[in-house]
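What follows is each chain in one-letter form.
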Amino acid sequence: MAKANYINEIEEVPQISPADRILLKDAADCFSFRANGYYLSLIDWDDPEDPLRRIVIPDPAELDEWGELDASCEHRFTVAPGLEHKYPDTALLLTTNVCGGVCRFCFRKRLFMCENRETTLDYAPALDYIRGHKEINNVLLSGGDPLMLSTGRLTRLLGALREIEHVRIIRIGSKLPAYYPFRLSEDGELLEVLARFSKPHRRIYLMTHFNHANEITEHAVRAVEMVLKAGVIICNQTPLIRGVNDDPDTLVELFEKLSFIGVAPYYLFQVRPTVGNRPYVVPIEEGIEIVELTGGRCSGLANRIRYIMSHARGKIEMVGMTEEEVFFRFHRAADPADRGHFLVYPRNPEAYWLDDYGEPSQELDPLEVLNAN
Ligand code: SF4
């Protein structure tokens, strides 16, 4: 496999002028910087607003005081080193703190900052916990990017999970199909391992992170094709990112291209109010408008996303709004008492997160409504 040419210092990006490198250095030092030669070659360096440039090259406004390091309170759900258990059927394992690039809007940038010990290379306690919790039927490998692990290490981890009878689905969350698709297309051993562990009744899902259609190159399409041939299901999730994909035309192009190559558009996430994310976030009500304008413009297969906020209370869908009110619904609830609840708030165009709305004007339990009728 051709080795990726990783670049960890903004000073080593030849396409950025010396003056700009000085301007960007503080943000790069604060939140870390990483890219690779392949991904940098996809950027149109004559266009200061190139969307892929925005994904990976720092913006000085990242240093604005805003947000929290762990905006979704992931620490609250940590049950073993690197393992989070928020919803009964799902466990999330932080497998590594390395990625093929550092996305500027990353909500786990705390992992790349010094002194973070949330990830561990000793998966034994996490595996013990999963073994002991029979309600866990799917495990999400995340990080960092699990495909940055060596094929040997990943094989051992997948093998250990496959030995746990009640774990049916293994999800691998990875941006490498965008950052460096050769990781998949040029590692026959990895593809063989995926084929071995993705079984008819116990599939592996690859959760890709294509944020913009420009990332879906011929190399990426080839990697996707090989992964599909290995019997792996592929879904895509992306945040709605200011300056990258925050308009209906761009989203339609992304969702259509994904559906054409056999990747199901899955979640469209609200950018989390994480430290450093101020330049990348879109207000919720503007996001709802963009999603509204996207719907109906592409086939049902392309239009399968849910616009979701990964809140400490659960995955909350931003459903729609009227002139006065905005509506949310629990898609997944950390507290079973919240399951399926609708939340109604007075409009606030400045809101970026549920907490910006204060108290709901109404909270409806659809089961209660059904029973009352
Ligand atoms: S690939 Fe995921 S974990 Fe890695 S920097 Fe990007 S958003 Fe963060």
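Because the structure is predicted, anything quoted here is derived from the model rather than measured. (Residues numbered from 1 in each chain as written. Predicted model: local features only at pLDDT ≥ 70, side-chain atom pairs only at ≥ 80, totals over all residues. Heavy atoms only, no water.)

### Some remarks on the overall build of the protein
Helix and strand counts for the protein come out as 12 helices and 15 strands. By the compact-globule yardstick of 21 Å for 373 residues, the protein fits well, its C-alpha radius of gyration being 20 Å. Dimensions of the protein along its principal axes, counting C-alpha atoms only, are 65 × 55 × 45 Å. Counting the 373 residues in the protein, one finds 56% classified as buried. Summed over its atoms, the accessible surface of the protein is roughly 16,200 Å², and 52% of this surface lies on carbon and sulfur atoms. The centroid of the 41 positive side-chain charges in the protein is displaced by 9 Å from the centroid of its 57 negative side-chain charges. (Helix = DSSP H or I, 4+ residues; strand = E, 2+ residues; numbered from the N terminus. Rg over C-alpha atoms; globule rule 2.2 N^0.38 Å. Buried < 20%, exposed > 50% of the residue type's maximum accessible area, 1.4 Å probe, protein only. Areas by Shrake-Rupley, 256 points an atom, 1.4 Å probe, with all protein chains shown as cover. Lys, Arg positive; Asp, Glu negative; His and termini not counted. Charge placed at Lys NZ, Arg CZ, Asp CG, Glu CD.)

### Here we look at the packing of helix 5 (residues 151-162) against helix 8 (residues 188-197)
At a closest axis distance of 10 Å, the pairing of helix 5 and helix 8 adopts a crossing angle of 5°. With respect to helix 8, the axis of helix 5 lies roughly parallel. Here T151, L154, T155, L158, G159 and R162 of helix 5 lie close against helix 8, whose contacting residues are E189, L190, V193, L194, R196 and F197. Class assignment of the residues belonging to the contact of helix 5 with helix 8 gives a composition of six nonpolar, three polar and three charged. (Axes fitted to C-alpha atoms, helices over the stretch in contact; angles between N-to-C directions. Parallel < 35°, antiparallel > 145°, perpendicular 65-115°, else oblique. Contact = heavy atoms within 4.5 Å. Nonpolar A, V, L, I, M, F, W, Y, C, P; charged D, E, K, R; others polar.)

### Focus: the pairing of strand 7 (residues 169-174)
Counting buried residues in strand 7 gives five out of six residues, a clear majority hidden from the surface. Where strand 6 (residues 138-142) and strand 7 come together, four bridges link them in parallel fashion. Residue L140 lies in a different strand from strand 7, and its bridge partner there is R171. With helix 5 bridging strand 6 and the parallel strand 7, this β-α-β connection has right-handed handedness. Bridge count between strand 7 and strand 8 (residues 204-208): five bridges; the pairing is parallel. When the bridges of strand 8 are listed, G173 appears paired with M207. (Pairing = 2+ DSSP bridges. Right-handed = clockwise from strand over helix to strand, strands pointing away.)

### Some details on a nonpolar patch on the surface
Among the surface-exposed residues, V319, F342, L364 and V369 lie close enough to one another that they form a single nonpolar patch of about 280 Å² accessible area. With respect to the secondary-structure elements, V369 resides in helix 12 (residues 366-372). Here V369 falls in the partly exposed class, since its relative accessible area comes to 41%. (Patch = residues over 30% accessible without salt bridge, like charges linked within 9 Å, V, L, I, M, F, W, Y side chains within 5 Å. Salt bridge = Lys/Arg side-chain N within 4 Å of Asp/Glu carboxyl O.)

### What to know about the packing of helix 10 (residues 248-260) against helix 11 (residues 284-294)
The relative placement of two packed helices is expressed as an angle between their axes plus a distance between the axes. Running from N to C, helix 10 and helix 11 point in directions that differ by 55°, and their axes come no closer than 9 Å. When the interaxial angle is binned, helix 10 and helix 11 end up oblique. Between helix 10 and helix 11 lies a crossing of right-handed hand. Each of P248, L251, V252 and F255 in helix 10 lies in contact with helix 11, whose residues at this interface are I290, L293 and T294. (Left-handed = near helix turned anticlockwise from the far one by under 90°.)

### Digging into the nonpolar core
Among the nonpolar cores identified, the biggest contains 101 residues, and V56, I130, L141, L158, L161, L194 and F328 are the most heavily contacted of them. In this structure, this core is formed jointly by two domains, domain 1 (65-281) and domain 2 (283-373), each of which donates at least three residues. Listed in part, the eight residues of the second largest apolar core include L94, C99, V102 and F112. (Core = buried A, V, L, I, M, F, W, Y, C linked by side-chain atoms within 4.5 Å. Domains from an automatic or database assignment.)

### Quick notes on the domain arrangement of the protein
Partitioning the protein into structural domains gives domain 1 (65-281) and domain 2 (283-373). Of note, the centres of domain 1 and domain 2, computed from C-alpha atoms alone, are 24 Å apart. Between domain 1 and domain 2, the contact holds 34 residues from the first and 31 residues from the second. In this assembly, domain 1 packs against domain 2 so that about 2,800 Å² is buried in total across both faces, 61% of it on carbon and sulfur atoms. (Buried area = accessible area lost by both parts, 1.4 Å probe.)

### Overview of the environment of V102
Position of V102 among the secondary structure elements: in the loop between strand 5 (90-94) and helix 4 (124-131). What makes V102 buried here is its relative accessible area of 4%. Residues V102 and G231, 129 residues apart in the sequence, show an inter-C-alpha distance of 29 Å. Each residue touching V102, except ones within four places of it in the same chain, is listed here: F31, S32, F33, R34, I55, V56, F112 and Y179.

### Some points on the pattern of salt bridges
For the structure on display, the rule yields 20 salt bridges. Between R54 and D59 there is a salt bridge, and its shortest N-O distance comes to 3.2 Å. Relative accessible area serves as the criterion here: at 18%, D59 is assigned to the buried category. One salt-bridge network, in which partners are shared between bridges, spans D70, E74, R108 and R110.

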